[in-house]
Amino acid sequence: MTSFNKKANLLSYKGSSHMRQRLILSVLSGKSVKIDEIRKLDDNPGIQEFEVNLIRLLDKITNGTIVELNETGTSVFFQPGLLHGGTVQHECSLQRGVGYYLEVLVMLGLFCKVPLNVTLRGVTNYCLDPSADHILHGFLPCLRKFILDDEDLELKIVKRGMLPHGGGEVKFSCPISKQVRPVQLLDAGMVKRVRGVAYALRVAPSIANRMVDSAKGVLLKFLPDVFITTDQRKGIQSGKSPGFGIHLVAETTQGVFYVAEQMSQPAEAADVSLPEDVGAKAAQRLLRQIYLGGCVDPAAQSVAVLLMALSRNDVSKIMVGPLSNHTISFLRHLREFFGLTFHLEHCIGDDDSEGRGSDKIHMTCVGIGYSNLNKRTI
């Protein structure tokens, strides 16, 4: 449920769902947000620790942000400040992965006054959020398609950290851009190779090799160019908790990347993860992502949608696979914050395209010409 007070430039919502999307678009649009009835019927009502942690991060990269919480935490008022950027150190909540926060920085980084240089510490590989590897190989290639100068766009995994105690560290740097260029991405190409990394943290090094063998056993049935390295870190580089996982990336002839990952359960979990199962599941997930297809990784659809909406006043068109629930809600929020709607068209392939995977969607919009007012021009 949404209401807009034009005089106060305020959007009102109820419920905790999609809070992150609302905060991102609030910062970009300059419109304040009020969210009521946050988990009011839950056993643990109100805003959660990881959401407070996200608001603190937004406060660090902006100037003049005002946040008000009621006593029970079930209502929050967020008045965005100006995006500043700069060098930031942030301890992420262990309730969510570092990817939960990185996704926000990827969407906001281009529009800061000063280039972002952020160090995040926490859980780098978490099943609920994209891992740092996923952001690196799935989100950043999507971002590069919309900007001319991507020389300073970088994500480095300094330390890995697994649940429950984390201990990971990543460094993200992002250049600033005056405007975002429109794109025409209608051909995803064919998959030409698969690359990956299997990591084993505070466990036997042989576990990484077992995951590699299992994943290659699935993937080599479909294409010959599969190469997976191992990442066996020691000491402080391996975080504070034991665990293992594998990250796979498929690259197409058109420079599109599909990403899949699978990781072990924490030691406290009831289910015990076998390295062979983790490797096979990751390979099957990658094949699923390839089947869904599109010109961006399915998890990065919302990033592409946002940059299309903010691009120069020209037509952008992109082919994607089936829209995720996250993307559908993002499209609705874009209409509420910017008054922008997309034209969605079901893509019907030719008979020759049999075997190209699931049905595709052509997304078309005219960018609003969003300009980075913080970037000085000569």
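Preceding block: the structure.
Note that the structure is a prediction, hence the values are computed from the model and not measured. (Residues numbered from 1 in each chain as written. Predicted model: local features only at pLDDT ≥ 70, side-chain atom pairs only at ≥ 80, totals over all residues. Heavy atoms only, no water.)

Novice: I tried to follow the pairing of strand 2 (residues 10-14) on my own but got confused; where do I start?
Specialist: By the bridge criterion, 5 bridges tie strand 2 to strand 3 (residues 32-36) in an arrangement that is parallel. Bridging from a neighbouring strand, Tyr-13 pairs with Ile-35 of strand 3. Where the polypeptide runs from strand 2 across helix 1 (residues 19-29) and back to strand 3, its parallel neighbour, the crossover connection is right-handed. (Pairing = 2+ DSSP bridges. Helix = DSSP H or I, 4+ residues; strand = E, 2+ residues; numbered from the N terminus. Right-handed = clockwise from strand over helix to strand, strands pointing away.)

Novice: Please clarify how the pattern of salt bridges should be interpreted in this entry.
Specialist: Opposite charge on two side chains allows them to pair when their charged atoms are near. Under the counting rule described, the total for this entry stands at 17 salt bridges. Its salt-bridge partner being Glu-51, residue Arg-39 comes within 2.9 Å of it at the nearest N-O pair. Residue Arg-39 is found in the loop between strand 3 and helix 2 (49-61), and its partner Glu-51 is found in helix 2; the two are separated by 12 residues along the sequence. Residue classification places Arg-39 among the buried positions, given a relative accessible area of 17%. We note a salt bridge from Lys-192 to Glu-251, for which the minimum N-O separation is 4.0 Å. Taken together, the residues span a long stretch of sequence, with Lys-192 in strand 13 (residues 191-201) and Glu-251 in strand 15 (residues 243-252) at a distance of 59 residues. Taking the relative accessible area as the measure of exposure, Lys-192 reaches 37% and is therefore partly exposed. By sharing partners, the salt bridges in this structure join Glu-91, Arg-121, Lys-159 and Glu-169 into a single network. (Salt bridge = Lys/Arg side-chain N within 4 Å of Asp/Glu carboxyl O. Buried < 20%, exposed > 50% of the residue type's maximum accessible area, 1.4 Å probe, protein only.)

Novice: Sorry if this is basic, but what is going on with the pairing of strand 3 here?
Specialist: Two faces belong to every sheet, and in a regular strand the side chains alternate between them. Where strand 3 and strand 6 (residues 76-79) come together, 3 bridges link them in antiparallel fashion. Looking at the pairing, Ile-35 lines up with Val-76 of strand 6.

Novice: Would you take a moment to explain the sheet that holds strand 14 (residues 226-231) for this structure?
Specialist: By definition, the strands of a sheet pair up through backbone hydrogen bonds, in either a parallel or an antiparallel sense. On the basis of which strands lie adjacent, the open sheet formed by 4 strands has the order 14-13-15-16 and mixed pairing. Strands at the two margins of the open sheet, each flanked by one partner only, are strand 14 and strand 16 (257-263). Each strand of the sheet is rotated relative to its neighbour by a mean of 15°, with strand direction disregarded. With 10 bridges connecting them, strand 13 and strand 15 associate as antiparallel partners. The partner of Leu-201 across the bridge, within strand 15, is Gly-243. Against the sheet, helix 6 (residues 275-292) makes contact with strand 13, strand 15 and strand 16, and its axis sits at roughly 155° relative to strand 16, the strand it touches most. (Axes fitted to C-alpha atoms, helices over the stretch in contact; angles between N-to-C directions. Contact = heavy atoms within 4.5 Å.)

Novice: Just to check I follow, could you spell out the packing of aromatic side chains for this structure?
Specialist: How two aromatic rings sit relative to each other is given by the distance of their centres and the angle of their planes. Evaluated as defined, the whole model comprises 5 aromatic pairs. A ring pair is formed by Tyr-100 and Tyr-101, whose centres lie 5.1 Å apart and whose planes are at 80°; its orientation type is edge-to-face. Relative to Tyr-370, the ring of Phe-111 has its centre 5.2 Å away and its plane inclined at 85°; by these criteria the two rings are edge-to-face. Here Phe-111 is found in the loop between helix 3 (98-108) and strand 9 (114-122), whereas its partner Tyr-370 is found in the segment after strand 19 (360-366), with 259 residues between them in sequence. Judged on exposure class, the residue Phe-111 and its partner Tyr-370 are both buried. An aromatic cluster is built from Phe-50, Tyr-100 and Tyr-101, whose rings are joined through pairwise contacts. If you follow Arg-96 out to its NZ or CZ, it ends over the ring of Phe-50, 5.1 Å from the centre. Across from the ring centre of Tyr-199, 4.5 Å away, lies the NZ or CZ of Arg-160, which sits over that ring. (Phe/Tyr/Trp six-rings, centres within 6.5 Å; stacked < 30°, edge-to-face > 60°. Lys NZ or Arg CZ within 6 Å of the ring centre and 35° of its normal.)

Novice: Is there a simple way to explain a negative patch on the surface in this structure?
Specialist: Judged by side-chain charge, Asp-149, Glu-151, Asp-152 and Glu-154 come together as a negatively charged surface patch. Turning to its location among the elements, Glu-154 is positioned in strand 10 (residues 154-159). (Patch = residues over 30% accessible without salt bridge, like charges linked within 9 Å, V, L, I, M, F, W, Y side chains within 5 Å. Areas by Shrake-Rupley, 256 points an atom, 1.4 Å probe, with all protein chains shown as cover. Lys, Arg positive; Asp, Glu negative; His and termini not counted. Charge placed at Lys NZ, Arg CZ, Asp CG, Glu CD.)

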